Amino acid sequence: IHTYRTYIMIAESFDYAAPSTLEEAFQLLHELGDEAKILAGGHSLIPMMKLRFAAPTHLIDINNIPGLAHIKEEGGYLHIGALTRESDLEESDIITSRYHIFTDASKLIADPQVRNFGTIGGNIAHGDAANDHPAVMIAMNAEVEIAGQEGKRQVGIDDFFYGFYMTAVQHGEILTNIRIPIPQGKFGTAYYKSERKVGDYAAASVAVMVEIGADGTCTNAGIGLTNVNPLPMRAARSQEALIGSKLTDDDIAKAAKYAAEDCNPSDDLRGDEDYKRHLVKVITKRMLKQAISRAK
């Protein structure tokens, strides 16, 4: 006879508000204090609430606020609104024609049900080094727009992540937009993660962007790593090795070697440190080659 136990986790009770403007949302955050949390897609926050890792007494749903979901090129930047859904990235002509790194990442996030409602802003604002988009944003040298009652400010992605679930978004503020400098000339991008099963956190993953000059020399590079460091990580030494190079197999191998050496993975159920370093080396090499092949 086998006995099975089912554990159903239910979040603690909370109050709910759905403002229709940013100004209303800011006022609610000001009035309700530190116990209020912003709800966008909810695929990071709600599971934490059900597991009692988070217990906000107020949820402020920003899905009714207009102007926070968009994908457009303007003023030398690619702008992606914080409420843009993962599925929007998969279907956008701008993204699918020029910025393959976003469709690479989105297609590896969970399942269609999650992607239909999960937001890119929430993925970043959650501040989890295991999420996919932080590494993508590092590779693309993104800037994050944060708004509050005092106005808006821009924060470079390298200054955005402070610690475990800690970002530059302070209480009373909302992440509203992401802007990415449009690479000059010929460029290519790629992202891949190694996962045990569909929808799992990565054992290791790599996001890559390369810009290539008319003479075939790498003029700029971005490499971001997922879940192999306490914070989302830029592989700075790898980037430096690529810039000015002809992107030969030796150049790519050197960059991959540096990425594997400089990351800080920990042993867990997804693999030990040596295995994850090996994954970083292999994936970096493959993604660089894929990004180069896509460059146009």
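Quick note: structure is the one above.
Residues numbered from 1 in each chain as written. Predicted model: local features only at pLDDT ≥ 70, side-chain atom pairs only at ≥ 80, totals over all residues. Heavy atoms only, no water.

Novice: Outline the sheet that holds strand β1 (residues 15-17), supporting the account with residue identities and numerical values.
Specialist: Spatial ordering of the open sheet is given by β1-β3-β2, a layout of 3 strands whose pairing is parallel. In this open sheet, the two strands that pair with only one neighbour each are β1 and β2 (36-39). Across this sheet, the average inter-strand angle for adjacent strands is 25°, counted without regard to direction. With 4 bridges connecting them, β2 and strand β3 (residues 58-61) associate as parallel partners. (Pairing = 2+ DSSP bridges. Helix = DSSP H or I, 4+ residues; strand = E, 2+ residues; numbered from the N terminus. Axes fitted to C-alpha atoms, helices over the stretch in contact; angles between N-to-C directions.)

Novice: How would you sum up the packing of helix α10 (residues 249-262) against helix α11 (residues 273-294)? Please name residues and give values.
Specialist: It is at 8 Å that the axes of α10 and α11 come closest, and there the two elements cross at 145°. Between α10 and α11 lies a crossing of right-handed hand. On α11, the residues that touch D249, I252, A253, A255, A256, K257, A259, A260, E261 and D262 of α10 are R277, V280, K281, T284, K285, L288, K289 and I292. Here the residues of the contact of α10 with α11 are counted per class, giving 9 nonpolar, 1 polar and 8 charged. (Left-handed = near helix turned anticlockwise from the far one by under 90°. Contact = heavy atoms within 4.5 Å. Nonpolar A, V, L, I, M, F, W, Y, C, P; charged D, E, K, R; others polar.)

Novice: Before we move on, could you go through the layout of surface pockets and cite the residues and values that matter?
Specialist: There is about 1400 Å³ of room inside the largest pocket. As for the largest pocket, its lining consists of 49 residues, of which S44, L45, G122, A125 and H126 are closest to the centre. Elements represented by at least two residues in the lining of the largest pocket include exactly β2, α2 (45-50), α7 (120-125), β9 (166-167) and β10 (174-181). Per-element accounting of the lining of the largest pocket gives the leading share, 4 residues, to α7. Classifying every residue of the lining of the largest pocket by side-chain character gives 25 nonpolar, 16 polar and 8 charged. In terms of lining residues, the second largest pocket is bounded by 15 residues, among which A129, A130, F164, N227 and N229 are the most central. Its residues assigned to classes, the lining of the second largest pocket comprises 8 nonpolar, 4 polar and 3 charged. (1 Å grid on protein atoms, 1.4 Å probe; cavity = no way out; pocket = protein on both sides within 12 Å on 5 of 7 lines; lining within 4 Å. Points joined across faces, edges and corners; volume = space filled by probe spheres on them.)

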